[in-house]
Amino acid sequence: MINRRHFLTTVAVGTASAAALAACGTGSSSSGETGSAEKPVTINYTWWGNDDRAERTRKAIALFESKNPDIKVNGNFTDFAGYWQKRATEAAGGGLPDVMQWDLSYLRDYGQRNQLLDLGTVKINTDAFEKSLLPSGQIKGKQYGIPTSTNAFAVYYDPAKLASLGIAEPTGKWTYKEFNDFLAQVGTKSNSALFGSTDYTGVWWMFNIWLRQNNIEAFTADGKLGFTKDDMKKWWNTTAGLRGTPAIVSEERVTQLAPKSPFGSNVTATEVTWDNFMAGYLGDSGAKELKLVPVPSDDQDNLGLFLKPSMLMVASAKTKYKDAAARFIDFMINDPEVGQIFKTSRGVPASKTQRDGTTFEGTDKLVVDYEKSIEKYLKDAPEPPIVGFGTLEASFKRVSSDLNYGKLTIDSAADAWFKEAEDLIKQNA
């Protein structure tokens, strides 16, 4: 497990500075890889996110190009769902971009199929990383991904909205019943003008946390499901009494608001998700302030929380520009000025070099302070999930959506998801 005490004491809350890492990257090169300021090589980089992340990423790319005039970076982005559809199409055609932002959910799928570059074969400086964090990007000893940052699950809330309704701000010490009562209170006191939240039981990682709270593993070491159909039914029953009430926004409304979230659209007072969404939510909602508290748990000594790599950097196994890709990845994960650009919008920087060069103030400090506040509850981060997990996570969201719409009962929803999961696991056995 990551030593959070050591991790967080390295975060500079005041003004800090750190020397930028020297550009490196002389790994295996393809014919004609070397570029020059007069004739730079061009690498493609893609990521998912909203306009806020796009603006920050473009600033980081411009900074990289100014320091590396022999390399040009062609960047593009899309939303999370569309992102993986594009990667699947590209992989089938053998044309993945040179460098990609990546999610832990899909690392094993592409890594085990030899579609990602083993980053241990190129020069990327990982000296500033907690050694216990790097295995989250490894498969069978090969480093396919390097975390840019870490994040943890939390309940976001808008204090101004709660104050306008005369509802006291939560402390984060609540059971599921108390949390549900809180969501219902928001809907009631606002006369249905504001919903409590989205249906948090439709989020895979919140289900994973609930399993951890009940000492149940999501997947076994041999790639099987570690929970039962009854476990899933119990989870989806948690909000059964709230669906169709002002406590939870309907799936129809969620779809209408997309690509913005209901919370970012000021339709809900709270949202249960990763703590690195702070900058995006502030940008979307225009809220003056947002706050974070821990998720509910019926065992206050076990919140089931963990640090997850909020995203990783990977490269295509077929890139013609390994050195250029490595230099760009090294820059994005280590450079202190990149840390200043992103702050906590990607999560808390995983590299000590980047953390030390980043000043955390205001809402960024709230994210850092939140992770410090849950330090004693943190459990080991998960290793890359089973092959096909990205499909299972998308299926979980889709089936949960149908449940929220009323198209499926809890029993039929569990039956549908388990059939898909068991079929997929059998195919990849």
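Scroll up to find the structure.
Remember, it's a predicted structure, so these values are computed and weren't measured experimentally.

**Q** Any chance you could explain helix H10 (residues 278-285) here in plain terms?
**A** For the α-helix, the turn length of 3.6 residues means that residues three or four positions removed from each other point alike. Taken across its 8 residues, H10 has 6 buried, putting it largely inside the fold. Where H10 is concerned, the buried positions are Met-278, Ala-279, Gly-280, Tyr-281, Leu-282 and Ser-285. Lining the buried residues of H10 we find helix H2 (51-67), strand S7 (153-157), strand S8 (270-274), strand S9 (291-293) and helix H14 (362-373). Just downstream of H10, Gly-286 is the residue with a positive phi angle, here 75°.

**Q** Help me understand the side chain of Asn-302 in this model?
**A** Locating Asn-302 in the fold gives a position in the loop between S9 and strand S10 (308-315). In this structure Asn-302 comes out as buried when scored by relative accessible area, which is 9%. Looking at Asn-302, its side chain comes within polar contact range of the main-chain nitrogen of Gly-304, at 3.1 Å. Each residue touching Asn-302, except ones within four places of it in the same chain, is listed here: Arg-212, Gln-213, Asn-215, Ser-297 and Lys-379.

**Q** What's the story with the sheet that holds strand S3 (residues 99-102) in this structure? I'm lost.
**A** Neighbouring strands of a sheet are bound in pairs by backbone hydrogen bonds; such pairs are parallel or else antiparallel. Read across the open sheet, the 6 strands follow the order S2-S1-S3-S10-S6-S11; overall the sheet is mixed. With one partner strand each, in any of the chains shown, strand S2 (71-78) and strand S11 (348-349) form the two edges of the open sheet. Across the sheet, H2 lies against strand S1 (41-48), S2, S3 and S10, angled at about 175° from S2, the strand it touches most.

**Q** I'm lost on the pairing of S7 in this one. Help?
**A** In the case of a regular strand, side chains alternate between the two sheet surfaces. Counted residue by residue, S7 has 5 buried out of 5 residues, so it is predominantly covered. Burial of S7 is two-sided: the residues Phe-153, Val-155 and Tyr-157 facing one way and the residues Ala-154 and Tyr-156 facing the other way are all buried. Relative to S8, S7 runs antiparallel, the two being bridged by 5 bridges. In the sheet register, Phe-153 faces S8, and the bridge partner there is Trp-274. The pairing of S7 with S9 spans 3 bridges and is antiparallel. Bridge pairing in S9 links Tyr-156 to Leu-292.

**Q** Honestly, the packing of helix H8 (residues 229-237) against helix H16 (residues 410-427) in this entry has me stumped. Any pointers?
**A** Working note: a packed helix pair is described by the angle between its axes plus the distance between those axes. Remark: H8 packs on H16, axes separated minimally by 9 Å, with the N-to-C direction vectors making an angle of 135°. Classified by the angle between their axes, H8 and H16 sit oblique to one another. Relative to H16, H8 is oriented so that their crossing is right-handed. When H8 is examined against H16, the residues Lys-229, Met-232, Lys-233, Trp-236 and Asn-237 are found in contact with a partner set consisting of Ile-410, Asp-411, Ala-413, Ala-414, Asp-415, Trp-417 and Phe-418. Of the residues belonging to the contact of H8 with H16, the class tally is 7 nonpolar, 1 polar and 4 charged.

Parameters and conventions
- Residues numbered from 1 in each chain as written.
- Predicted model: local features only at pLDDT ≥ 70, side-chain atom pairs only at ≥ 80, totals over all residues.
- Heavy atoms only, no water.
- Buried < 20%, exposed > 50% of the residue type's maximum accessible area, 1.4 Å probe, protein only.
- Helix = DSSP H or I, 4+ residues; strand = E, 2+ residues; numbered from the N terminus.
- Contact = heavy atoms within 4.5 Å.
- Polar contact = N/O pair within 3.5 Å; in protein donor to acceptor, adjacent residues only side chain to side chain.
- Pairing = 2+ DSSP bridges.
- Axes fitted to C-alpha atoms, helices over the stretch in contact; angles between N-to-C directions.
- Parallel < 35°, antiparallel > 145°, perpendicular 65-115°, else oblique.
- Left-handed = near helix turned anticlockwise from the far one by under 90°.
- Nonpolar A, V, L, I, M, F, W, Y, C, P; charged D, E, K, R; others polar.

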